[in-house]
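# Observations on the model geometry
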Amino acid sequence: MTDSSLSVALSELTEAQSVAVAWRDGPMFVLAGPGSGKTRVLTTRVAKLLADTPDRSFRVLALTFTNKAADEMSARVTALVPEQERRALIGTFHSFCMQMLQQHGSHIGINPDFAIYSLDVDRQEILRDAIKQAGLSQDDVRLLSTIDKLKSQLIQPAGSARYFRDPSDGSRVEQVYAAYEAALTQANALDFGSLIAQAHRLVTAFPGIAGRYRKTYAYWMFDEFQDTTDGQYRLIRALAGEDFRNVFAVADDDQIIYQWNGASYQQIQRFRADFSPQELQLPTNYRCPPAIVSVANRLVVHNLQRTTAKQPLEAGKTSLKYPDEQHICVLRYSTDDVEAASIAEGIAKIDRAQWGEVAVLARTRYMLEKLQSALTQKQVNAVISQRRDDFRSPQFLWLAAVLRQGLRPLDRRALEILTGAFNRWFGTDARVDLIVTATELTERSLLDEWAVAVKAGLGDDVNGNALVDLAATFAKEPARFRQFVDAVLAMIPAQDDEASDIAEDRAAWSDLVRSIGKTIGRDAPLEQFLQELAIRSKEAPVGSNTVTLMTIHGAKGKEFDHVYVVGLAEDILPSFQSLKAGENSAEMEEERRNCFVAITRAREWLCLSYADNYRGWNKQPSRFLLEMGFSLPDQPSQ
């Protein structure tokens, strides 16, 4: 695309969208409802800022919450202003902090080639070792979740005891926390929560670094601002200082569904108080048919924690696939088994070519597993789509672990993973403890000693021996890791079954390499590639003829032609915890927002279902069905 592409994009904006895109200096807060074109607004604004200043050197910062959203935004900006896209940094909060620590972390003792431990099993292992070395109780491994909570609040180990009512509990946590952080430092590693916490520590300890970011990035934009945690918001404030005001935040207070992870309406209120922004609303929904927009409005007005002057959603979709009265159906079933079987039967009648535009959403994974089983019986391809922090097949677990071992020859955890994965792959029985002992005697590297150990058990296996030789060669020249990866991929067996672990991991690997290459360049060194790999989901892209099963939390930001929302019963949606908290509780309001998010994923057709009995327990229909104004069926469907 060329400049004319940007001109076309600008001409297609609505009046309200044009105001947002044209906004230049000063703080702006945009309340953007579902389907209102907020991604178009953000990307077109980035493109316009760059196109209007071709001779300027400043950059634009745009942060969101998922790598897929960041990739989509980046692709749109590149299409609009390909000659200027290098001046835009578009990513997630965690990737931004990772880059900040790569460049400036040495000021607080963080080496730029740090590893990132994103897996709980890795973190638990390093905590066990830290506890053992510090002479603490092995039972204290359970305090890892407490450490995570402290990090999310940007609390460092020193002095963390004072945040506990019981001095003895606080003292114990502080000792364990300090030992854990010392072990991470010794391993030249950070965990996922450290990225935000250490970035905040960096810019507060060295305000000049924050000043450099303000000078380099003249305009900041934040997508899904309602999902920011307290720590993320405090990082923004620390970076902005007292004078920087070119902050553009897009949010929807009716889509705050991550309170359990620290998201809160308070962040929106703090932004208003701290920045005094101009405010603009984008209430027009171009995604959903008018019938769905109407019930969404009726539902969400029951919440109190939302902007008082917020306008109701307006229906902007003009091309409708079905008559008005056919956009929503409400179904009642006798049991959860009957519900799952009947929904699966209905999906099976949809043209196979359209399965990729069908989603089933539920409050819990239990319902999705039941649906997946029912769909399998109907020979309908369906996957439960959720974040994966690691690969599943031994082939790709081994590949990633060898890369990690090659970069960090003393990484025992990487050795454990690659040894276990290779044993599963080829039926060998190499033992990590014997390999480690042998290295102490021979002074060979862990990877070289592993190669000796497994070759003894491989015999004449040509592929196995070839892979071991490849790994040994790579260890001597880790900078040539791309050649090693290509050679290994050529030796990993192909799988006809798209749902196999190998096929899914291969698809995920290809998607990751493409995405990482766009972010850091195709010639980036191994340490940066592994850092990016660590913070990204290893989930395979969903196939075009495959039904997507998702929790409501996972469906945020997605949209589908046909959406089924199952389990609309009391104790499920809303949850038992919200019922216990009470009708006017924050928990109940979040459950209502969950329902709001779920129904507004639908582009053409929405089916809401519930059963009279779940897991052998009688349930009442969800109050949200009544709040939306539906007349419920007198009898269950058969």
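Details of the structure are given in the entry above.
Summary of the structure given here. (Residues numbered from 1 in each chain as written. Predicted model: local features only at pLDDT ≥ 70, side-chain atom pairs only at ≥ 80, totals over all residues. Heavy atoms only, no water.)

## So, the environment of Arg-287
The condition that has to hold: By the criteria applied, helices consist of DSSP H or I runs no shorter than four residues and strands consist of E runs no shorter than two, each listed in order from the N terminus. Remark: exposure states derive from per-residue accessible area (1.4 Å probe, protein chains only) relative to the maximum for the residue type, with buried under 20%, exposed over 50%, and partly exposed in between. Any N or O atom pair separated by 3.5 Å or less is treated as a polar contact, with the protein-specific requirement of one donor-capable and one acceptor-capable atom, and with residues adjacent in sequence counted only for side-chain atom pairs.
Note on placement: Arg-287 falls in the loop between strand 9 (284–285) and helix 13 (290–300). Looking at Arg-287, the relative accessible area reads 11%, which means it is buried. For the pair Arg-287 and Val-330, spaced 43 residues apart in sequence, the C-alpha separation works out to 20 Å. Reaching out from Arg-287, the side chain makes a polar contact with the side chain of Glu-559 at a distance of 3.1 Å.

## Remarks on the packing of aromatic side chains
The following threshold applies: Pairing of aromatic side chains here covers Phe, Tyr and the six-membered ring of Trp, requires ring centres within 6.5 Å, and sorts the geometry by plane angle: under 30 degrees stacked, over 60 edge-to-face, intermediate tilted.
Taken as a whole and judged by the stated rule, the model has 26 aromatic pairs. Consider the rings of Phe-29 and Phe-271, whose centres lie 6.0 Å apart with planes at 45°: the pair is tilted. Highlighted residues: Phe-29 in strand 1 (residues 28–32) and Phe-271 in helix 12 (residues 265–275), separated in sequence by 242 residues. Residue class for Phe-29 comes out buried when judged on its relative accessible area of 0%. Accessibility expressed as a relative area gives 1% for Phe-271, which makes it buried. When the ring of Phe-391 is compared with that of Trp-509, the centres are 5.8 Å apart and the planes differ by 40°; the resulting orientation is tilted. Placement of the pair is Phe-391 in the loop between strand 13 (382–384) and helix 16 (394–407) and Trp-509 in helix 22 (residues 501–520), with a sequence separation of 118 residues. By relative accessible area, which is 4% here, Trp-509 ends up buried. Aromatic ring contacts, followed pair by pair, group Phe-29, Phe-65, Phe-93, Phe-222, Phe-225, Tyr-233, Phe-271 and Phe-275 into a single cluster.

## Overview of the packing of helix 2 (residues 15–22) against helix 3 (residues 38–51)
Heads up, the condition is: Note on definitions: angles span 0 to 180 degrees between N-to-C directions of axes, and those axes are lines fitted to C-alpha atoms, for helices only across the stretch in contact. Here the angle decides the label: under 35 degrees means roughly parallel, over 145 means roughly antiparallel, 65 to 115 means roughly perpendicular, and every other value means oblique. Left-handed describes a crossing in which the near helix is turned anticlockwise from the far one by less than a right angle; the clockwise case is right-handed. Contacts between residues were defined by any pair of non-hydrogen atoms, one from each residue, lying within 4.5 Å. Under the scheme applied, nonpolar residues are Ala, Val, Leu, Ile, Met, Phe, Trp, Tyr, Cys and Pro; charged residues are Asp, Glu, Lys and Arg; polar residues are all the others, including Gly.
Interhelical geometry of helix 2 versus helix 3 gives an angle of 40° and a closest axis separation of 8 Å. If you check the angle between helix 2 and helix 3, you find them oblique. Here helix 2 runs over helix 3; the crossing is right-handed. Packed against helix 2, whose contacting residues are Gln-17, Ala-20 and Val-21, the element helix 3 presents Arg-40, Val-41, Thr-44, Arg-45 and Lys-48 at the interface. When grouped by side-chain class, the residues that make up the contact of helix 2 with helix 3 number three nonpolar, two polar and three charged.

## Observations regarding the sheet that holds strand 6 (residues 217–222)
The criterion, for reference: One requirement defines pairing of two strands: DSSP has to find at least two bridges between them.
A sheet is described by the order of its strands in space; here six strands give the open sequence 3-2-6-7-1-8, paired in parallel fashion. Each edge of the open sheet carries a strand with a single partner, namely strand 3 (88–92) and strand 8 (278–282). Ignoring which end each strand starts from, the neighbouring axes of this sheet average 15° apart. One ladder, built from five bridges, connects strand 2 (residues 59–64) with strand 6; its direction is parallel. Across the sheet, Val-60 pairs through a bridge with Tyr-219, a residue of strand 6. Strands strand 1, strand 2, strand 3, strand 6, strand 7 (247–251) and strand 8 of the sheet are contacted by helix 3, whose axis makes an angle of about 175° with strand 6. Contacting strand 2 and strand 3, helix 4 (residues 67–80) crosses the sheet at an angle of about 160° to strand 3.

## Digging into helix 3
Within an α-helix, residues lying three or four positions from one another point in the same direction, as the helix has 3.6 residues per turn. Going by this rule: Under the convention used throughout, the expected extent of a helix is 1.5 Å for every residue step, that is, one less than its residue count.
Over its 14 residues, helix 3 extends 20 Å from the first C-alpha to the last, a length consistent with the 20 Å expected when each residue adds 1.5 Å. Restricting attention to buried positions, one finds in helix 3 the residues Lys-38, Thr-39, Val-41, Leu-42, Thr-43, Thr-44, Arg-45, Val-46, Ala-47, Leu-49 and Leu-50.

## Examining the side chain of Thr-64
Checked against the element boundaries, Thr-64 lands in strand 2. A residue is classified by how much of its surface remains accessible, and Thr-64, at 2% relative accessible area, is buried. When near neighbours in sequence (up to four residues on either side) are disregarded, Thr-64 contacts Ala-69, Ala-70, Met-73, Gly-91, Thr-92, Phe-93 and Asp-223.

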